[in-house]
Amino acid sequence: MEKRKLSFWDIWNMSFGFLGIQMGFALQNANASRILQIFGADVHELSWFWIVAPLTGLIVQPIIGYYSDRTWTKLGRRRPYFLAGALLASIGLILMPNAEMFTAFMPALWVGAGMLMIMDASFNIAMEPFRALVADILPSDQRTLGFSVQTILIGIGAVVGSWLPYVLTNWFGIVNETQPGEVPTNLLWSFIIGATVLVVSILITVFTTKEYSPEEMAQFTDDKEEVEEESSILDIFTDFKKMPLTMKQLSSVQFFSWFGLFGMWVFSTPAIAHHIYGLGLEDHGTAYQNAGDWVGILFGVYNAVSAVYAFFLPAIAKKIGRKMTHAVSLFFGGLGLISIYFMPNENWLILSMIGVGIAWASILAMPYAILAGSIPAKKMGVYMGIFNFFIVLPQIINAIIGGPIVKYFYGGNPIYALIMSGVSLLIAAMLVFKVKDVDDVVTTNS
């Protein structure tokens, strides 16, 4: 028995919840550092506060993958998890910029860091089952399309989330000025709107998507003899040791890709405010808020580019292969980040973000399309969760060493962290060529 092919709009609805997830994720990525700085964090401490995000992903995603492989409810096997994740993430989105409300109990900085942890744990609960859902439902020849549609929706959601603070201020007159220790009003409203869109978009996926039952899933695989053996959550460690060769090869690519991305997310606002706007590292006034809003615009640009580029990824991958597509895309991303150092003003940074957007689209689609063909169907969820190790470990390492490197090796100037991120993407591009893509289909002209 073969899985049925879905229409484009079925695939769109199946992935629509990712729009809300990424809108919330973009608000976090573009604004968490400046919110934490408003609450009192120094530049070299930012990566340490961000460490809670990948740490929760390291723990949460494999566990969610393991249990979602073994879950069946009226809502299916994957949908209950990303619905619960969305509800928790929306709470974190609302509370993080309002952390000063809890200063009677603990410092706002620690409340803000705690909300960052809750948000990222919840985004991880929601994201991993979405990846597995595409691999569950789509036949092999539609998986690249499925992950590309996810990337398109991720791009749209991220553009809206990244641009929202700037739009609220410049189009609707909501102020971005702030008193010491207070988050600007445009950020407060942005996070509330993001929480609302997150829940609504997830509900659209939940109510429009039908999952295959366990009995149907069993008919799509040949390993019939693997009937339910005794299993436990500790099997994750056994599965880790038995991971497919393709996953091992992709691990180094993922490591350098996400090491670079994490550095960009953490240090872009202080780096651009200092290097491009000429502001002091301790200046968090109106000029700094304007720089932060512009970083949101830039993040929106790279996500908009990724959404457009994702439309072309399936066709490009068919022509030159998924590996070459991913390598070239990462190369453009690395050049984009390095070029920030040489740009004469903030408007030229849009050009840098085009390269970053090309890489981001490919990072969100190609590794999963390459990986899915090498994973046993019955362990799709747990292996997608284990694959997340190679996303969060580089972020944890960057979180530990990134701040001290900026402080002691870069003289406190975070622009060099962005250059290091660019070099990291270039290394990832070279490592792609060592990966074996077991079910790639490349069309050639005869």
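Refer to the structure presented above.
Residues numbered from 1 in each chain as written. Predicted model: local features only at pLDDT ≥ 70, side-chain atom pairs only at ≥ 80, totals over all residues. Heavy atoms only, no water.

Trainee: What should I look at first to understand the pattern of salt bridges in this one?
Mentor: A side chain with one charge can pair with a side chain of the opposite charge if their charged atoms come near. Scanning all chains against the criterion turns up 3 salt bridges. Between Asp 136 and Arg 78 there is a salt bridge, and its shortest N-O distance comes to 2.6 Å. Taken as a pair, Asp 136 in helix 6 (residues 108-137) and Arg 78 in the loop between helix 4 (52-69) and helix 5 (79-95) lie far apart in primary sequence, 58 residues in all. Each member of the pair, Asp 136 as well as Arg 78, is classed as buried. For Glu 211, the salt bridge identified is with Arg 79, shortest N-O distance 3.1 Å. You can see Glu 211 sitting in the loop between helix 8 (185-208) and helix 9 (214-218) and its partner Arg 79 sitting in helix 5, a full 132 residues away along the chain. Of the two residues, Glu 211 and Arg 79, neither departs from the other in class, the shared state being buried. Via salt bridges that share partners, Arg 77, Arg 78 and Asp 136 belong to a single interconnected network. (Salt bridge = Lys/Arg side-chain N within 4 Å of Asp/Glu carboxyl O. Helix = DSSP H or I, 4+ residues; strand = E, 2+ residues; numbered from the N terminus. Buried < 20%, exposed > 50% of the residue type's maximum accessible area, 1.4 Å probe, protein only.)

Trainee: Got a minute to help me understand the side chain of Gln 28 in this structure?
Mentor: Tracing the backbone shows Gln 28 in helix 2 (residues 17-38). Non-local contacts of Gln 28, meaning those with residues more than four positions away in its chain, are made with Trp 50, Leu 116, Met 119, Asp 120, Phe 123 and Phe 191. (Contact = heavy atoms within 4.5 Å.)

Trainee: Honestly, a nonpolar patch on the surface in this entry has me stumped. Any pointers?
Mentor: On the surface, Ile 320, Met 324, Val 328, Phe 331, Phe 332, Leu 335 and Phe 433 cluster together into a nonpolar patch covering about 610 Å² of accessible area. Element by element, the count of residues in the nonpolar patch is highest for helix 13 (residues 322-339), at 5 residues. (Patch = residues over 30% accessible without salt bridge, like charges linked within 9 Å, V, L, I, M, F, W, Y side chains within 5 Å. Areas by Shrake-Rupley, 256 points an atom, 1.4 Å probe, with all protein chains shown as cover.)

Trainee: Any chance you could explain the environment of Arg 143 here in plain terms?
Mentor: Tracing the sequence through the fold places Arg 143 in helix 7 (residues 143-170). When its relative accessible area of 11% is taken as the criterion, Arg 143 is described as buried.

Trainee: It is not clear to me how the environment of Leu 188 should be interpreted in this structure. Could you clarify?
Mentor: Relative to the helices and strands, Leu 188 is located in helix 8. We classify Leu 188 as buried; its relative accessible area is 19%. The contact partners of Leu 188, leaving out residues within four places of it in the chain, are Pro 97, Asn 98 and Val 183.

Trainee: It is not clear to me how the packing of helix 2 against helix 6 should be interpreted in this structure. Could you clarify?
Mentor: Think of two packed helices as two axes; the pair is described by the angle between the axes and how far apart they sit. At a minimum axis distance of 11 Å, the contact between helix 2 and helix 6 shows a crossing angle of 155 degrees. Between helix 2 and helix 6, the interaxial angle falls into the category roughly antiparallel. Note that helix 2 runs across helix 6; the crossing there is left-handed. Packed against helix 2, whose contacting residues are Gly 17, Phe 18, Ile 21, Gly 24, Phe 25, Gln 28, Ala 32 and Leu 36, the element helix 6 presents Leu 109, Gly 112, Ala 113, Leu 116, Met 119, Asp 120, Phe 123, Ala 126, Met 127, Phe 130 and Arg 131 at the interface. When grouped by side-chain class, the residues that make up the contact of helix 2 with helix 6 number 13 nonpolar, 4 polar and 2 charged. (Axes fitted to C-alpha atoms, helices over the stretch in contact; angles between N-to-C directions. Parallel < 35°, antiparallel > 145°, perpendicular 65-115°, else oblique. Left-handed = near helix turned anticlockwise from the far one by under 90°. Nonpolar A, V, L, I, M, F, W, Y, C, P; charged D, E, K, R; others polar.)

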